[in-house]
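Reading the structure
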Amino acid sequence: MSDAQQITESTSEPPSPEDAGPAPVPLLTPREGVPPVIADEAALAAVVADLAAGSGPVAVDAERASGYRYGQRAYLVQLRRAGAGTALIDPVACPDLSGLDAAISDAEWVLHAATQDLPCLRDIGMRPDRLFDTELAGRLAGFARVGLGVMVETVLGYSLEKGHSAVDWSTRPLPEPWLRYAALDVELLVDLRDALEEELRHQGKLEWALEEFAAIAAAPPPPPRKDPWRRTSGVHKVRRRRQLGVVRELWLTRDETARRRDLSPGKVLSDAAIVAAAQAMPRDSRALAALPGFGHRTNRRQLQQWQTAIDRARELPEEELPQTAQPPQGPPPPRAWAERDPVAAARLTAARSAVTAHAEELRMPQENLLTPELVRRLCWEPPAEHSPAAVGAALRALGAREWQIGQTAGLLAKALDAS
């Protein structure tokens with residue numbers, strides 16, 4: 001009997017996306033109460049043994065302290081498995097969970113928005129061989145809203161407690177209401193997985209989903225981002241290379257300070273303050289203090305740190321300054337296509353229309369059928385032959401999954417010919 005069936009004797013089929021309507025739903029509470037947080041090796045060993053002896057898929061979730069701490073490390077890991085119940089593990093006190101990973105390596109892991117949690121889980125020694133992503137499953141099944149709370153309510157008929165998703169999970173000890181919220185995140189995750197699997201099977205999309213899940217599980221960690229300072233919010237307002245050098249120096253100084261103090265970079269210095277300083281190019285810390293973001297709460301030592309970074313940029317030789325634009329990678333922005341290559345622009349218009357129309361027929365977001373970036377790359381440098389086989393080979397080389405190729409190669413071949 002499933003967890004959802006144990007809560008209530010009312011066990012109807014999960015509603016399809018178009019049938020789901022507003023109805024009063026009960027607030028979910030943990031059946032076994034809130035479990036204690038595992039924070040030592042002896043308790044961890046006992047939980048690992050329980051989870052290894054359990055059966056079926058393992059629901060997994062992780063809580064981070066985004067906006068409070070530096071990086072994206074996990075500050076709480078939640079797991080639930082039939083026969084083992086729910087476990088809450090403190091990965092700060094137990095930083096190596098490779099033993100837990102080995103104990104459940106044969107199981108399918110069920111996560112919601114897996115790509116968000118996998119990096120921080122990987123850092124503590126946990127990586128699934130098989131997974132089921134309930135958020136991605138919801139997208140493929142055609143649900144308009146795929147947040148965990150909405151999905152649990154729509155599909156299973158229970159309301160999850162809200163209000164603690166953006167708290168500082170690095171807090172110790174963690175308050176009991178936060179722990180209850182965290183435990184509920186895995187309470188019905190396996191039941192949601194089962195309902196979505198059935199819905200995907202009914203729609204003929206289950207094999208597509210399984211291919212997507214396998215690709216997520218097998219994906220290597222992304223490479224380090226080149227020039228991450230260019231993602232500073234508002235950097236587009238900075239026009240000159242010397243000013244961009246200020247943005248870079250301030251960003252790098254902030255990043256090092258944030259790493260050292262284990263704080264979110266935004267708590268050290270805002271992006272808006274970096275851009276304001278780059279535009280103003282203040283000559284001394286007194287002028288800097290007059291700028292937004294460098295006011296009365298910034299002490300003299302901090303002001304001098306930022307001014308030193310600005311001065312470094314001011315003194316850089318011209319050849320060491322960053323370029324105003326990054327070297328082009330891939331196709332140009334679509335808005336430039338009509339002028340640069342009208343034929344390619346026509347191809348893109350036809351291809352976009354074809355993919356969007358088919359995504360609507362399949363009741364899924366267009367980006368899940370085929371990402372806009374992949375469509376752009378295909379249309380900018382199409383294969384010489386516009387046959388479905390040639391287009392399929394080009395899509396495969398660009399990283400498309402086989403189910404995506406099967407669904408789109410033919411219609412894209414027609415779009416390329418028509419343009």
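Residues numbered from 1 in each chain as written. Predicted model: local features only at pLDDT ≥ 70, side-chain atom pairs only at ≥ 80, totals over all residues. Heavy atoms only, no water.

What follows deals with the packing of aromatic side chains. Geometrically, a pair of aromatic rings is defined through the distance of the ring centres and the angle of the planes. This model, assessed by the stated rule, comprises five aromatic pairs. Here the aromatic cluster, defined as three or more aromatic residues joined through ring pairs, consists of Trp169, Trp178 and Tyr181. Geometry around Tyr75 places Arg73 over its ring, the cationic atom sitting 5.1 Å from the centre. (Phe/Tyr/Trp six-rings, centres within 6.5 Å; stacked < 30°, edge-to-face > 60°. Lys NZ or Arg CZ within 6 Å of the ring centre and 35° of its normal.)

What follows concerns the UniProt feature "domain: HRDC" (unreviewed entry) in the protein chain. The UniProt feature table records "domain: HRDC" (unreviewed entry) at residues 240-320. In the segment residues 240-320, helix accounts for 69% and strand for 0%; the C-alpha atoms at its two ends are 13 Å apart. (UniProt positions renumbered as here; feature names shortened; annotations may be inferred. Helix = DSSP H or I, 4+ residues; strand = E, 2+ residues; numbered from the N terminus.)

The subject of this paragraph is the pattern of salt bridges. The full count for this structure, using the stated rule, is 21 salt bridges. Residue Glu318 pairs with Arg241 through a salt bridge whose shortest N-O separation is 3.8 Å. Note that Glu318 is positioned in the loop between helix H14 (300-315) and helix H15 (337-340) and Arg241 in helix H10 (residues 241-261), a separation of 77 residues in sequence. Three or more residues joined by partner-sharing salt bridges are found here, namely Glu108, Arg193, Asp194 and Glu197. (Salt bridge = Lys/Arg side-chain N within 4 Å of Asp/Glu carboxyl O.)

This paragraph deals with the nonpolar core. Ranked by size, the top nonpolar core spans 86 residues in total, and within it Leu79 and Leu395 carry the most contacts. For this core, the leading source of residues is helix H20 (residues 402-418), giving eight residues. Leave out the neighbours within four places in its chain, and Leu79 touches Leu51, Val58, Ala59, Val60, Gly85, Thr86, Ala87, Ile89, Leu100, Ile104, Met126 and Val186. Core analysis: the second largest hydrophobic core is formed by 26 residues, Trp229, Val235, Ala258 and Ala278 among them. (Core = buried A, V, L, I, M, F, W, Y, C linked by side-chain atoms within 4.5 Å. Buried < 20%, exposed > 50% of the residue type's maximum accessible area, 1.4 Å probe, protein only. Contact = heavy atoms within 4.5 Å.)

When pLDDT drops low, the exact placement of atoms in the prediction is not to be read closely. Per-residue pLDDT for the protein chain averages 92, and the proportion of residues at 70 or more is 94%. The model gives residues 1-15 a pLDDT under 50, and that stretch makes 23 contacts with residues more than four places away or in other chains. (pLDDT = per-residue confidence, 0-100.)

With that out of the way, let us pick up the packing of helix H6 (residues 148-156) against helix H8 (residues 189-203). Put simply, H6 and H8 touch, their axes get as near as 10 Å, and they point 60 degrees apart. With respect to H8, the element H6 is oriented oblique. Seen from above, H6 lies across H8 with left-handed handedness. Here Leu148, Met151, Val152, Val155 and Leu156 of H6 come into contact with H8, specifically with Leu189, Asp191, Leu192, Ala195 and Leu196. (Axes fitted to C-alpha atoms, helices over the stretch in contact; angles between N-to-C directions. Parallel < 35°, antiparallel > 145°, perpendicular 65-115°, else oblique. Left-handed = near helix turned anticlockwise from the far one by under 90°.)

This paragraph deals with the side chain of Arg80. For Arg80, the position within the fold is in strand S3 (residues 74-82). A polar contact of 2.6 Å, which involves the side chain of Arg80, links it to the side chain of Thr86. (Polar contact = N/O pair within 3.5 Å; in protein donor to acceptor, adjacent residues only side chain to side chain.)

Turning next to the pairing of strand S5 (residues 108-111). Alternating residues of S5 divide into Glu108 and Val110 and Trp109 and Leu111, and every residue in both groups is buried. Judged from the two bridges that link them, strand S2 (residues 55-64) and S5 form a sheet pairing that is parallel. Of the residues in S5, the one forming a bridge with Ala59 is Val110. Across four bridges, S5 lies against strand S6 (residues 130-133) in parallel orientation. Paired with Val110 across the bridge in S6 is Phe132. (Pairing = 2+ DSSP bridges.)

A few words on the environment of Gly406. Position of Gly406 among the secondary structure elements: in helix H20. In this structure, the C-alpha to C-alpha distance between Gly406 and Ala389, residues 17 residues apart in sequence, is 10.0 Å.

Right, let's talk about the sheet that holds strand S4 (residues 85-89) for a bit. In any sheet, the strands associate via hydrogen bonds between backbone groups, in a parallel or an antiparallel arrangement. Strand order in this open sheet of six strands is S1-S4-S3-S2-S5-S6, and the pairing throughout is mixed. Each having just a single partner strand, strand S1 (37-38) and S6 make up the two edges of the open sheet. Contacts from helix H4 (residues 114-123) reach S2, S3, S5 and S6 within the one sheet, and its direction differs from that of S2 by about 80 degrees. Docked against the sheet, helix H7 (residues 176-187) engages S1, S2, S3 and S4, running at close to 45 degrees with respect to S3.

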